[in-house]
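Structural overview for review
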Amino acid sequence: VLKAMPRSSSNTTACVYYNNASGTGYKLDRVRFRKNSMDGGYYNMYLYYTGSGSGTNMGEVVIDSNTLTNAYYYGIYSYYYGYYPSISYNTITLINGASTSYGMYLYYYQTIENLIGNKVNVTATSTAYGIYTYYYSNYNTTYNSNGPGMIANNDIYVRGGTSGAYGLYTYQNSRWNIYHNSIYATNGATNYAIYRYTNSTSYPVNIERNNLVVTQGSCIYINGTANATAAYGTLDYNNYYGPTLAN
């Protein structure tokens, strides 16, 4: 059991805290977090530059089968140059009333081969994000990516507030296969089960065979009708329930 101050509003508190910088030559490598209980902190896990650059400067980290609870703002926070063969079968619960909360926050140059079987429950008074991925996810071989990452069989529940609720958020120059997930987004002023922002056919995001439910808003957000074509990623065999299927 790893513990930090429950629901701490101090951004220096975490159950797991790794702090690095670009260009140092250091990396968190061949580290496995498995079957741990992590309770409390501003972050349950704070991973800042697990690698100090691309290629061999990216360390290898696995986060599997952990239980993360009572963080204030982030369950898993990974910032720059992360290489994760797997982030899978974790249970993440953030229901502590912060204005904005993220089950997973995966930011810039994150290569994640498998993101499978996680259970994510997030509530926030303003904006709730289940899994948030931003820019250059599974970008290319320079960042140890040989193809799209797999996001599959995750169970995501997000309850927003005055702003929004986003079950799964993906952003441009990223490659993902998003299959067989169950996502429920509710209570926010704007709700999206999946938010897909693509800008290039070189970086498709495929969305297939998911169960997507919103109480208001749209099951899927797509940035423009041109980007809804198959060249930017498939949208096939999904089950939708909500007032708007896609926006």
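Use the structure listed above.
Reading the values: rules and limits
- Residues numbered from 1 in each chain as written.
- Predicted model: local features only at pLDDT ≥ 70, side-chain atom pairs only at ≥ 80, totals over all residues.
- Heavy atoms only, no water.
- Helix = DSSP H or I, 4+ residues; strand = E, 2+ residues; numbered from the N terminus.
- Rg over C-alpha atoms; globule rule 2.2 N^0.38 Å.
- Buried < 20%, exposed > 50% of the residue type's maximum accessible area, 1.4 Å probe, protein only.
- Contact = heavy atoms within 4.5 Å.
- Areas by Shrake-Rupley, 256 points an atom, 1.4 Å probe, with all protein chains shown as cover.
- Pairing = 2+ DSSP bridges.
- Axes fitted to C-alpha atoms, helices over the stretch in contact; angles between N-to-C directions.
- Phe/Tyr/Trp six-rings, centres within 6.5 Å; stacked < 30°, edge-to-face > 60°.
- Core = buried A, V, L, I, M, F, W, Y, C linked by side-chain atoms within 4.5 Å.

On to the overall build of the chain. The secondary structure content of the chain amounts to zero helices and 26 strands. The globule rule puts the C-alpha radius of gyration for 247 residues at 18 Å, and the 17 Å found for the chain is close to it. Its C-alpha atoms put the chain at 45 × 40 × 25 Å along the principal axes. Of all 247 residues assigned to the chain, the portion counted as buried reaches 60%. A separation of at least 24 residues holds for 83% of the contacts in the chain among residues at least 6 apart in sequence. Summed over all atoms, the accessible surface of the chain reaches about 9700 Å², with 43% contributed by carbon and sulfur.

A few words now on the sheet that holds strand β11 (residues 100–107). Across the sheet, nine strands lie side by side as β2-β5-β8-β11-β14-β17-β20-β23-β26; this open sheet has parallel pairing. A strand with exactly one partner marks an edge of an open sheet, and here the two such strands are β2 (14–19) and β26 (244–246). On average, each strand axis in the sheet is inclined to that of its neighbour by 15°, with strand direction left out of account. As judged from the six bridges shared by strand β17 (residues 164–170) and strand β20 (residues 190–196), these two strands associate in the parallel manner.

We now examine the packing of aromatic side chains. Enumeration according to the criterion identifies 67 aromatic pairs in this entry. Relative to Tyr 74, the ring of Tyr 73 has its centre 4.9 Å away and its plane inclined at 50°; by these criteria the two rings are tilted. Here the two residues Tyr 73 and Tyr 74 agree in accessibility, since each one is buried. Centroid distance Tyr 80 to Tyr 109: 6.2 Å. Interplanar angle 45°. Geometry classified as tilted. With a gap of 29 residues between them, Tyr 80 in the loop between β8 (74–79) and β9 (82–88) and Tyr 109 in the loop between β11 and β12 (110–116) connect regions that are remote in the sequence. As far as the burial class goes, Tyr 80 and Tyr 109 line up, both buried.

As a further point, take the nonpolar core. Counting residues in each nonpolar core, the largest one holds 45 residues, and the members touching the most others are Met 45, Ile 63 and Ile 87. Setting aside residues no more than four positions away along its own chain, Ile 63 makes contact with Phe 33, Met 45, Leu 47, Ile 76, Tyr 84, Ser 86, Ile 87, Ser 88 and Asn 90. Counting 32 residues, the second-largest nonpolar core is a separate cluster that includes Tyr 81, Tyr 135, Tyr 171 and Tyr 203.

These results come straight from atomic positions and should not be treated as a statement about function.
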